[in-house]
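Each chain is listed here by its residues.
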Amino acid sequence: MDGSDRQPNGLPPVRVPWHALDMGRVQQLLDCGPDGLSDLQAQERLTRFGPNQLPEARPVSAFVRFLRQFHNVLIYVLLAAAGMTAALEHWIDTGVIVAVVLINVIIGFLQEGKAEDALRAIRNMLSPQAMVLRDGRRTVIEARDLVPGDLVLLQSGDKVPADLRLLSGRELRLQEAVLTGESVAVSKTIEPRPEETVLADRRCMAYSGTLVTAGQGAGLVIATGKETEIGRISALVARVEQLTTPLLRQMAQFGRWLTAGILAITMFTFLFGVLVQGYSAVQMFLAGVGLAVAAIPEGLPAIMTITLAIGVQRMAKRNAIIRRLPAVETLGAVTTICSDKTGTLTCNEMTVRGLVTADGRFETSGTGYDPHGGFHADGTELLAPLDFALIQAAEAACLCNDASLEQKDGDWRVNGDPMEGALLVAGIKAGLEPDLLARQYPRTDLIPFESEHRFMATLHHSHAGEAFVFVKGAPERLLEMCRTQRTRDGDGLLDRDYWSRMTETLADSGQRVLAVAVQEVPGDRLELEFDDIDGDLVMLALFGLIDPPREEAVTAVGTCRGAGIRVKMITGDHALTARAIARQLDLAHADGALTGAELDDLDDEELSARLSQVDVFARVSPEHKLRLVSLMQGQGGIVAMTGDGVNDAPALKRADVGVAMGRNGTEAAKDAAEMVLADDNFASISHAVEEGRTVDDNIKKSILFILPTNGGEALTILAAVLFGFADLPLTPVQILWVNMITAVTLALALAFEPPEPHVMARPPREPDEPILTRLFIWRITYVSLILVTGVFGLYLWETAQGASLAEARTVAVNTLILFEIFYLFNSRSIIGPVLNRRGLLGSPVALYAVGLLIIIQIGFTYLGFMQTLFGVAAIGPETWLRIVLVASSVLFLVELEKALRRKSSRG
């Protein structure tokens, strides 16, 4: 290699296809030899390349997060109002306004989710130490000191410390699910692969953060730190823009429009009062403050936050842990769930699903490593005694096996290779006891599995002096070694076409196929040689293994479909396997699948057009997942993305709701997600969506409850100015009292409302649906007019009867409060009737809130310090009777409007 092959800083060329190069070329590019680097070379490269670690993002300080809570246009208006009242030395009004602002800011600060920790979590995936060969000597070093060209030695249980090009291996298998989604450990080789080979099929590579599950090996470091695959994903996570939620976007737009409207009306009121009615500027400043305070829904941010927090508690009880509060509401608007396959839709536990003998095909029931289940043929359960050939195949699978099965804390677990564990479980379902079988036929020798010969063989002796060789391996390899096949009637000539056809059938259904065979040998044979078993075996059976879908996931997918939510599978696994699982899940377009290579051939416009026709995406990279999520969002969808690996982290962060697995998920996935499933169960997502829709409904009910109050208050102030009243019916501090006390009692009760009937039988809320729909605008206007008529009417009545200003204002405040009490029951259902037992008495929380508010309001009216603070006075029983009669009108008038609307929609 000449100097032109390198970058100016001496690094190897950018984007080297290491997997496609032979070892001589790799060593040439890395400028290293078979004895590893010298300490001097390593130190020089460490200075040039930097440590083998990922950059750390600076977290947002608590002080900055606190200041961010003030960044809200409604807060700005309230602060401006506080400034005006302070300038006029109305200190009580100023104090109450500032207190309201601080309450909202503190609630927002306390409820804001933790800072983004995805990069830190990915860093923690790196191995802390590594065994390397330097100057020809084995030595253990800190993984952060690894440099390109280092020769790393691997053994079972190690975490790969950097990206390696393998140069040797013996039975080396790596678990790469965190990067590729591959559900089983991958056997590694040292032969180069074609340059276009996708990451999951680069068998001569070992990537940082993956786990060695078996064997030994060695490899040359070709990338460290941010240049590794994990580093590339880390950079991808850092670049991903985390979208705000639909609710926050809509509330921001609503806040801007509301602020503009409030300022316009306030300015009009000020000019009209000064120029037309002849009020002084000071009077109109106070009236403007009163109008602004009346129109701003001060309690709404707190109520929304508390409603979301209650939703978090409800979801936690259903195994869905929310990390970022606004995600609760976003779940209610989800239109598409993009789910990883391995460990999410499936059990991440291999299961023998099919078994083929010379006599026919059988299937098993049960999933995962739980040994409960059995065999059936053509839908008929097989009872003991089972078919002779089937039993012999199960015995061979249990004896030619290095795994063990144990039950711990109620869960069945496999020690060893997952596929061998699945064979043990199949043996138990066939009625065998693996431990007893191993004692009856003790092993005396073995030939371990290696990729070169693609089989494993074990020699066993019975206590009667018999000896058997059991062989397990690739079907095509065992067919070369067999001459006969076993049937229930004895041994016959091998039917190669039959076995090849059945192998293809199992593989086409997405199953990984293993063959088992047997050979009887002389009882005095104690050692096993390759020549002893080549060409004279008896074929017993084919086993088809798959990581099956969770039974509850099948139901959950159906529930999501009924709720108008589309489920798409996006996995790093093979297309055949993905399609097989998709068919079992009954996805809408299960038979069509796009692979990562095919995605690369489509531009964004072509891929967007295909999204409606494809629900399965296989052999995809982190970039593919991120691209798919972004394109779905670009089509106006609200996307939830599930996953458990570091390869899922970028898409989890980009999605509107990222959902990570709590048990088997990586910390990188959890920290990039908004929600973590405590039980790793896809079904919990459908429960979370139901809760999200309930939260969405309850927030809408709260808005529909709070805004008419603000409308009625603002109209009362506006009417007083327009009609030239010398005194306002309500003061700013009285308005703030009404808004806050009803928010923390009545509006809060709506946060506890149970799900509406058939909440999961309706389509998702439209993502671009505004907060104020035409129904909401009409209802707010309608109720505001009812409130202003009643409040202003009683205020005029009291003043006409000679009541003092304090008494008349007391009547106005209490009328407003009673209006809200009655309107609370209307708000329990946006369209449905409430003049029934369920509507009036079905919410204990609402009844408690009403009782508490009545007690508080009595204290407000009759306690001396409250009278002094708020400028109110005691009123008599007959006045209360008038207030109740007038305020109750809203209950019947709104129910009449709802009944007419229901009748119109049916017509």
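Residues numbered from 1 in each chain as written. Predicted model: local features only at pLDDT ≥ 70, side-chain atom pairs only at ≥ 80, totals over all residues. Heavy atoms only, no water.

Enquirer: Before we go on, may I ask you to explain the overall build of the protein in this structure?
Expert: The helix and strand tally for the protein stands at 35 helices and 28 strands. In the protein, which comprises 907 residues, the proportion classed as buried is 56%. Restricting the contact set of the protein to residue pairs at least 6 apart, pairs at least 24 apart contribute 72%. Summing over all exposed atoms, the protein offers an accessible surface of approximately 37200 Å²; the carbon and sulfur share of this is 57%. (Helix = DSSP H or I, 4+ residues; strand = E, 2+ residues; numbered from the N terminus. Buried < 20%, exposed > 50% of the residue type's maximum accessible area, 1.4 Å probe, protein only. Contact = heavy atoms within 4.5 Å. Areas by Shrake-Rupley, 256 points an atom, 1.4 Å probe, with all protein chains shown as cover.)

Enquirer: Looking at this structure, how should I read helix H29 (residues 774–800)?
Expert: One turn of an α-helix holds 3.6 residues; hence residues three or four places apart share an orientation. Look at H29: 38 Å from first C-alpha to last across 27 residues, which is about the 39 Å you get at 1.5 Å a residue. A positive backbone phi angle near 90 degrees is found at Gly802, which sits one or two residues after H29. (Expected span 1.5 Å × (residues − 1).)

Enquirer: What exactly am I supposed to notice about the nonpolar core here?
Expert: The nonpolar side chains of a soluble globular protein tend to be buried, and buried together. Leu331, Met569, Leu587, Phe682 and Val890 are the most contacted members of the largest nonpolar core, which totals 122 residues. Considering every element that reaches this core, the biggest residue donor is helix H27 (residues 683–722), with 16 residues. (Core = buried A, V, L, I, M, F, W, Y, C linked by side-chain atoms within 4.5 Å.)

Enquirer: I would appreciate a short explanation of the packing of helix H30 (residues 805–827) against helix H35 (residues 889–906) in the present structure.
Expert: How two helices pack is summed up by the angle between their axes together with the distance between the axes. Where H30 contacts H35, the axes come no closer than 8 Å and their chain directions differ by 30 degrees. One element, H30, and the other, H35, form an angle in the roughly parallel class. Where H30 crosses over H35, the two elements pack in a sense that is right-handed. Along its contact with H30, which presents Phe819, Phe822, Tyr823, Phe825 and Asn826, the element H35 presents Ser889, Val890, Leu891, Val894, Glu895 and Lys898. (Axes fitted to C-alpha atoms, helices over the stretch in contact; angles between N-to-C directions. Parallel < 35°, antiparallel > 145°, perpendicular 65-115°, else oblique. Left-handed = near helix turned anticlockwise from the far one by under 90°.)

Enquirer: Which parts of the structure should I look at to understand the pattern of salt bridges?
Expert: Per the stated rule, a full pass over the model turns up 37 salt bridges. With its nearest N and O atoms 3.1 Å apart, the salt bridge here joins Lys341 to Asp573. In this pair, Lys341 is assigned in helix H13 (residues 341–345) and Asp573 in the loop between strand S23 (566–570) and helix H21 (575–585), connecting sequence segments 232 residues apart. One salt-bridge network, in which partners are shared between bridges, spans Glu229, Arg232 and Glu623. (Salt bridge = Lys/Arg side-chain N within 4 Å of Asp/Glu carboxyl O.)

Enquirer: Got a minute to help me understand the sheet that holds strand S26 (residues 639–643) in this structure?
Expert: Hydrogen bonds along the backbone pair up the strands of a sheet, which may run parallel or antiparallel. One open sheet holds the eight strands; their spatial order is S8-S28-S27-S26-S9-S23-S25-S24, and the pairing between them is mixed. Two strands close off the open sheet at either side, each with one partner strand: strand S8 (320–322) and strand S24 (594–595). As paired elements, strand S27 (residues 657–661) and strand S28 (residues 675–677) share three bridges and run parallel to each other. Across the sheet, Ala660 pairs through a bridge with Val676, a residue of S28. Where H21 meets the sheet, its contacts fall on S23, S24 and strand S25 (616–618), and the angle it forms with S25 comes to roughly 155 degrees. (Pairing = 2+ DSSP bridges.)

Enquirer: Even after reading the chapter, I still don't get the packing of aromatic side chains, so can you show me in this structure?
Expert: For any pair of aromatic rings, the description rests on two quantities: the centre-to-centre distance and the angle between the ring planes. One pass over the structure, following the stated rule, counts 13 aromatic pairs. A ring pair is formed by Phe468 and Phe470, whose centres lie 6.2 Å apart and whose planes are at 25 degrees; its orientation type is stacked. Residue Phe470 is classed as buried on the basis of its relative accessible area, which comes to 8%. Between Trp737 and Phe860, the aromatic rings sit 5.1 Å apart at their centres with planes inclined by 15 degrees, giving stacked as the arrangement. One end of the pair, Trp737, is in helix H28 (residues 732–750); the other, Phe860, is in helix H32 (residues 844–862), and 123 residues separate them in sequence. Residue classification places Trp737 among the buried positions, given a relative accessible area of 15%. Ring pairs connect the aromatic residues Phe723, Phe725, Phe792 and Tyr795, which therefore count as one cluster. (Phe/Tyr/Trp six-rings, centres within 6.5 Å; stacked < 30°, edge-to-face > 60°.)

Enquirer: Is there a simple way to think about unusual backbone geometry in this case?
Expert: Leaving glycine out, the prevailing phi sign among residues is negative, and the prevailing peptide bond configuration is trans. Even without being a glycine, Asp135 presents a positive backbone phi close to 55 degrees. Locating Asp135 in the fold gives a position in the loop between strand S1 (129–134) and strand S2 (137–142). With a phi angle near 50 degrees, Arg619 is a residue other than glycine that sits in the positive phi range. Summarising the element assignment, Arg619 is placed in the loop between S25 and helix H24 (622–634). What makes Arg619 buried here is its relative accessible area of 9%.

Enquirer: Would you take a moment to explain the pairing of strand S7 (residues 211–223) for this structure?
Expert: Residues in a regular strand project their side chains so that they alternate between the two faces of the sheet. The pairing of strand S3 (residues 151–155) with S7 spans five bridges and is classified as antiparallel. Paired with Val152 across the bridge in S7 is Gly219. Alignment of strand S4 (residues 163–175) against S7, held across ten bridges, turns out to be antiparallel. Each residue of the ladder has a partner; that of Arg170, found in S7, is Gln216.

Enquirer: Would you mind going over the environment of Ala563 with me for this structure?
Expert: Position of Ala563 among the secondary structure elements: in the loop between helix H20 (551–562) and S23. As for Ala563 and Pro764, which are separated by 201 residues in sequence, their C-alpha atoms are 7.0 Å apart. Ignoring anything within four residues of it in the chain, the contact list for Ala563 reads Arg693, Met760, Arg762, Pro763 and Pro764.

Enquirer: Any chance you could explain H27 here in plain terms?
Expert: The terminal C-alpha atoms of H27 lie 58 Å apart, and with 40 residues this matches the ideal 58 Å at 1.5 Å per residue to within 8%. Counting buried positions along H27 yields 35 of 40 residues, so the element is predominantly enclosed. The positive-phi residue at the C-terminal boundary of H27 is Gly724, with phi of around 75 degrees.

Enquirer: How should I be thinking about the pairing of strand S21 (residues 512–521) in this particular structure?
Expert: A large share of S21 lies buried, amounting to nine of its ten residues. In this sheet, S21 lies alongside strand S18 (residues 467–473) in antiparallel orientation, the contact comprising seven bridges. Paired with Val469 across the bridge in S21 is Gln519.

Enquirer: Help me understand the environment of Glu381 in this model?
Expert: By secondary structure assignment, the location of Glu381 is in strand S13 (residues 380–381). It is 9.3 Å that separates the C-alpha atoms of Glu381 and Ser365, two residues lying 16 residues apart in sequence. Filtering out sequence-adjacent residues up to four positions away, Glu381 remains in contact with Gly374, Phe375 and His376.

Enquirer: I tried to follow a nonpolar patch on the surface on my own but got confused; where do I start?
Expert: Together, Leu835, Leu840, Leu841, Leu847 and Phe892 give the surface a local cluster of nonpolar side chains, amounting to about 440 Å² of exposed area. Counting through the fold element by element, Leu840 comes out in helix H31 (residues 837–841). (Patch = residues over 30% accessible without salt bridge, like charges linked within 9 Å, V, L, I, M, F, W, Y side chains within 5 Å.)

Enquirer: What is the right way to look at the packing of helix H14 (residues 388–399) against helix H15 (residues 418–429) in this model?
Expert: Put simply, H14 and H15 touch, their axes get as near as 8 Å, and they point 140 degrees apart. When the axes of H14 and H15 are compared, the pair comes out oblique. When the axes of H14 and H15 are compared, the crossing they make is left-handed. In contact with Ala394, Ala397 and Cys398 of H14, H15 contributes Leu423, Leu424 and Gly427. Residue composition of the contact of H14 with H15, grouped by class: five nonpolar, one polar and no charged. (Nonpolar A, V, L, I, M, F, W, Y, C, P; charged D, E, K, R; others polar.)

Enquirer: What is the right way to read the confidence of the model for the protein from this model?
Expert: Do not read the predicted coordinates in detail wherever pLDDT is low. The share of residues in the protein with pLDDT of 70 or more is 90%, and the mean pLDDT across the chain is 84. No element of the protein has a lower mean pLDDT than helix H6 (residues 118–123), at 43, and none a higher one than helix H34 (residues 877–887), at 96. Taken as a whole, residues 111–126 scores under 50 in pLDDT and shows 53 contacts with residues more than four places along the chain or in a different chain. (pLDDT = per-residue confidence, 0-100.)

Enquirer: Would you explain a negative patch on the surface in this entry?
Expert: Together, Glu527, Glu529, Asp531 and Asp534 make up a region of like negative charge exposed at the surface. Note that Asp534 resides in the loop between helix H19 (530–533) and strand S22 (537–546). Residue class for Asp534 comes out partly exposed when judged on its relative accessible area of 49%. (Lys, Arg positive; Asp, Glu negative; His and termini not counted. Charge placed at Lys NZ, Arg CZ, Asp CG, Glu CD.)

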